[in-house]
Every structure is written in structure tokens, then in C-alpha cells.
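# Results of the structural survey
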Amino acid sequence: MQSVVTYEKPLPHLTLPDWDARLYGLQVTADTRRADAFDLRYSSYQLRNETKIKTDWDSYHNNNRLRARVYEIEQWKSTLQELLDRIDREMAALKEEKASTERELEQLNMPLLVCSECLSNRDGRMSSELTYDLADTELKKELCVTESNKKMLIDRCQSAWEKINKLEVVKFKLQLDLNDKNESLQIDKDMLNLDKDCANITYKTDSLKTPKRMITYDQWLQKCEAIKQMAVNELQDTLRLRESLFVARGRARNALRAQTDVTNYMMRRRIYDTQRARNELQWQKMKMEENMDKLGTELKTIGEQFADKVNALKVAETRLETRGYRPGIELASDEADIGMKEEVRNLRETIRQLQEKQDCAKATYNALEAASIKIAIDLNDKEQSLETDTRALEMRAALEPKKPTGTDKNLILASMKDEVPKVEN
């Protein structure tokens, strides 16, 4: 009889070898799992270190690339901004040169008007004074020189206007490129400051896509070089154009000044020649009037002598006629008859000579009077021509440059004219 009742589960029981085998199997499995876990932890640690290092270095290199890109864009921005500033200065200088050329062009209206008025006034000369003299030739040359200068300055102004338009186009392109670079620079700086702790980072649907407008770095560099070279070329052309405007104005002034001096000299020479001819004619007229007075006196004396000889002839012929009535043998050819006949013949010859001389003197007097009238007419023409040329020379005084005096002259000689501030009235 048992004193204690025992119970067993209705399950198969393991033997001790099975239990030992199962324990060994669990031990082996645990060792394997621990070894796998160790390997996994080591490889994970290694992977974490490698990926961290790679990520850090990739971020470092890309940050350096972004910094280099920012620096490069800033350099190009500085270069283009400098070119833009130079273009602004060149445009302002070119506009000033163009305005100076236009003022010079407007100042040519005065020489044209004066030259035209001089030609019109000198065309009012009369009779023989209306000649193609050297003054007339030089006036026409001056007109041609002024017209040529005007055409040259108009062409230069047209070129300056076209160049200003080109500079406006270049300036617009530079500003557009600068705006793009400013925007790109801001984007790159923002991306340079962006890190994994920022709040505005998200997954993107297709971050590796290539935009359609994207170009290569070489193409970008070529475009930058092209726009820079375009601006540099335009600046060089603008500088040459400004110099040509300055040279054109100086050349126009010098050519007009030289021709004006020659024309004024020819005008003064023509006035001198006219005055000399007028003085010569006045002297000739005075001498002719003196001769006319003397010849008039001589004609009066010849007339008196002619009348006296006519009366003497009448006396002689009356004597001969009366003595022809002598009676008988008293009608003889005595010495008195011969003498009186000789006297009649001499008186007739004397009267004929006096008549011829009187006719010749009258013809000479008439010729002197006609010549005196012609000289008087020519003197009037020369006086009118002299007055016309003198008036034309006075009109040309407006073309003479005003010479500075006093302080203005000292400022010009000391090259300090632009340093003194202008006083506004």
C-alpha cells in the first residue's frame, strides 16, 4: 500500500540522452545566433561608419563645389557689373559727345546764313562790278566746306545714335544675365546653407531628372565669354566713335576757320582793289573835268577868234568887191589888190583851220564828257560794290570767335575752366 499518490502527465517523457542532446542543440543555436548577431552588429557598425564618412565627404566636396561655384559666379558677376558700369559711363560720354556734335551742327547754321547773305548781297552789285572775283569764288568754297562739314557731322551723329542703340541692347543683355546670375547666386547660397537639420527639406518625386534647358558647363562658360567679349568690343568701338566725333568737330572747325580766313582775306583784298580803282577813277574824273574846263575855255577863245576872223574876212571881201567897181584904167591889179586877195585867201584858210579845230575841240569835249559820265557811272557802281563788300565783311564779323579776356582767358590758359563752378543766374 502506497502512502503517497503521484500523478504523471500523459505525455511522452524524454530520456536523459535526448535531454542532453536537446540542451546541446539549444546551446549551439544560441552560439550561432550570438555569432550572427555579432557579425551583424560589426557589419552594421562598419556600414554606418563607411556611409557616415562617405556622406560627410560627399557633403563636404559638394559644399566646396558650391562654394567654388558661388565664387565663380561672383567673379563673373563682378566682371559683368564692371562692364555694365563702363557701358553706362561710355553711353553718358557718347551722349555728351553727340550733344556737343549736335550743338556744333547747329552752330553751322550761322556760317551758312552769313555766307548765303553775303552771296545774295554781292549779287546785288551793278553793271561791270558784277564779276566772278576771288572773293566770290572763296565764298562759294566756304559754302561748300560748310555743307561738307554739316554732312560729315550729321553722319557722325547718326553713327553715334546707332551706337547708343547697340549699347542699349548690350546693356539689356548684361542686365538680363546679371539678374540670372544674381538669382542663381542666391539659390546656390541657400543650398550651401541647407543641411539635414533644416525644416524645409522633403523627398522629391524625380530629383535626378535633367531639365530641358540645362546646358553643359563649357557651353555656359562660352556664353559668358561671348557676352563679355561683345561688351568689350562695343566699348572699344564706342571709344573709337567718341574719338572720331571729337576729331570730326575739330576738323570741321579748323576747315571752316581756314576757309573763313581765306574768304575774309579775299573780301578785304577785293575791297582794297575796289577802293584803289575808285580812287583811280576819282583822280581820272577830276583830271578830265579840269581838261573839260580848259577845253571849254579854249572853245570859247576859238569862237571869239572865229568871229573876229569872219568879220575881218567880210572887211577884206567888201574891200575887194568895192574896188572892183573902179572906173576905166583905174581897175588895175595893183599891189593893194594882190595883198587884199592874199589876205582873203589867208583869212579863208584861217577860218577853215579854226573851224576844223573848233569841231575837233567840240568832239574832244563831247568825248571827255561821255567818258566822264561813264566814269561817274562806274564810280557809282564801285561805290555801291564797295558798300556791298564792306557790309558783307561786317556781316562776317559774326563768324569771328569771341576772344576771352581777363579771368576767362587765365582759366583757359591754366586749364582750370572745368574746375570753377558755374554761377546760375
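The protein goes by Tektin in an unreviewed UniProt entry, where it is assigned to Pieris macdunnoughi. According to the UniProt record, the Subcellular location (unreviewed entry) comment for the protein reads "Cytoplasm, Cytoskeleton, Cilium axoneme".

## Remarks on the overall build of the protein
Counting secondary structure elements, the protein contains six helices and zero strands. Reading the secondary structure of the protein in the N-to-C direction produces α-α-α-α-α-α. Over its C-alpha atoms the protein spans a radius of gyration of 62 Å, topping by over 25% the 22 Å that the globule rule assigns to 425 residues. Here the C-alpha coordinates of the protein stretch approximately 265 × 45 × 25 Å along the principal axes. Split into buried and exposed, the 425 residues of the protein put 26% on the buried side. Put simply, 89% of the contacts in the protein that link residues at least 6 apart link residues at least 24 apart. Summed over its atoms, the accessible surface of the protein is roughly 30,800 Å², and 55% of this surface lies on carbon and sulfur atoms. Side-chain charges of the protein comprise 72 positive and 76 negative groups, with the mean position of each set lying 3 Å from the other.

## Digging into the nonpolar core
Membership of the largest hydrophobic core comes to 17 residues, with the highest contact counts inside it found for Leu 80, Leu 83, Ile 87, Leu 94, Leu 174 and Ala 231. The set of elements that each furnish at least two residues to this core consists of helix H1 (16–107), helix H3 (134–193) and helix H4 (217–323). Residues within four places of Ile 87 in sequence aside, it is in contact with Leu 167, Val 170, Lys 171, Leu 174, Ala 231 and Leu 235. Counting ten residues, the second-largest nonpolar core is a separate cluster that includes Cys 115, Leu 119, Ala 135 and Leu 139.

## Considerations on the packing of aromatic side chains
Here a ring pair, both rings aromatic, is described through the centre-centre distance and the interplanar angle of the planes. Under the counting rule described, the total for this entry stands at three aromatic pairs. Ring-pair connections join several aromatic residues into one group, and the members of that group are Trp 76, Tyr 217 and Trp 220.

## Things to note about the side chain of Asn 149
Mapped onto the secondary structure, Asn 149 falls in helix H3. Other than its neighbours up to four places away in sequence, Asn 149 contacts Leu 108, Ala 252, Ala 255 and Leu 256.

## Points about the pattern of salt bridges
Using the criterion set out here, one finds 31 salt bridges in the structure. Here Arg 348 ties to Glu 317 by a salt bridge, and the two come within 2.9 Å at their closest N and O atoms. Highlighted residues: Arg 348 in helix H5 (residues 335–395) and Glu 317 in helix H4, separated in sequence by 31 residues. Given the relative accessible area of 48%, Arg 348 is considered partly exposed. Between Glu 356 and Arg 352 there is a salt bridge; the shortest N-O distance is 2.5 Å. Taken together, the positions of Glu 356 and Arg 352, both in helix H5 and four residues apart, correspond to about one turn of that helix. When its relative accessible area of 45% is taken as the criterion, Glu 356 is described as partly exposed. Given the relative accessible area of 38%, Arg 352 is considered partly exposed. Among the charged side chains, a network of salt bridges with common partners joins Lys 163, Glu 234, Asp 237 and Arg 240.

## Describing the UniProt feature "coiled-coil region" (unreviewed entry) in the protein
Mapped onto this numbering, the UniProt entry gives "coiled-coil region" (unreviewed entry) at residues 73–111 and 337–371. This span, residues 73–111, is 97% helix and 0% strand, and a straight line between its end C-alpha atoms measures 56 Å. Split by type, residues 337–371 is 100% helix and 0% strand. Its first and last C-alpha atoms lie 50 Å apart.

## Considering the state of the cysteines
As enumerated under the stated definition, the model contains zero disulfides in all. The cysteine Cys 115 is free of any disulfide, with Cys 118 supplying the nearest cysteine sulfur at 6.6 Å. Judged by its relative accessible area of 0%, Cys 115 falls in the buried class.

## Section: a nonpolar patch on the surface
Together, Ile 187, Met 191, Leu 194 and Ile 201 give the surface a local cluster of nonpolar side chains, amounting to about 310 Å² of exposed area. Along the chain, the position of Met 191 falls in helix H3.

## Here we look at the environment of Glu 117
Examined against the element boundaries, Glu 117 turns out to sit in helix H2 (residues 109–122). Between the alpha carbons of Glu 117 and Ala 226 there is a distance of 56 Å; along the sequence they are 109 residues apart.

## Some remarks on the side chain of Arg 249
Considering the arrangement of structural elements, one finds Arg 249 in helix H4. In terms of polar contacts, Arg 249 uses its side chain to reach the side chain of Glu 97, at 2.8 Å.

## A word on H2
Its 14 residues place the ends of H2 20 Å apart at the C-alpha level, agreeing with the 20 Å of an ideal helix rising 1.5 Å per residue. Listed as buried for H2 are Pro 111, Leu 112, Val 114, Cys 115, Cys 118, Leu 119, Asn 121 and Arg 122. In this structure, the buried residues of H2 make contact with H1, H3, H4 and H5.

Quick notes on the rules
Residues numbered from 1 in each chain as written. Predicted model: local features only at pLDDT ≥ 70, side-chain atom pairs only at ≥ 80, totals over all residues. Heavy atoms only, no water. UniProt positions renumbered as here; feature names shortened; annotations may be inferred. Helix = DSSP H or I, 4+ residues; strand = E, 2+ residues; numbered from the N terminus. Rg over C-alpha atoms; globule rule 2.2 N^0.38 Å. Buried < 20%, exposed > 50% of the residue type's maximum accessible area, 1.4 Å probe, protein only. Contact = heavy atoms within 4.5 Å. Areas by Shrake-Rupley, 256 points an atom, 1.4 Å probe, with all protein chains shown as cover. Lys, Arg positive; Asp, Glu negative; His and termini not counted. Charge placed at Lys NZ, Arg CZ, Asp CG, Glu CD. Core = buried A, V, L, I, M, F, W, Y, C linked by side-chain atoms within 4.5 Å. Phe/Tyr/Trp six-rings, centres within 6.5 Å; stacked < 30°, edge-to-face > 60°. Salt bridge = Lys/Arg side-chain N within 4 Å of Asp/Glu carboxyl O. Disulfide = S-S within 2.5 Å. Patch = residues over 30% accessible without salt bridge, like charges linked within 9 Å, V, L, I, M, F, W, Y side chains within 5 Å. Polar contact = N/O pair within 3.5 Å; in protein donor to acceptor, adjacent residues only side chain to side chain. Expected span 1.5 Å × (residues − 1).

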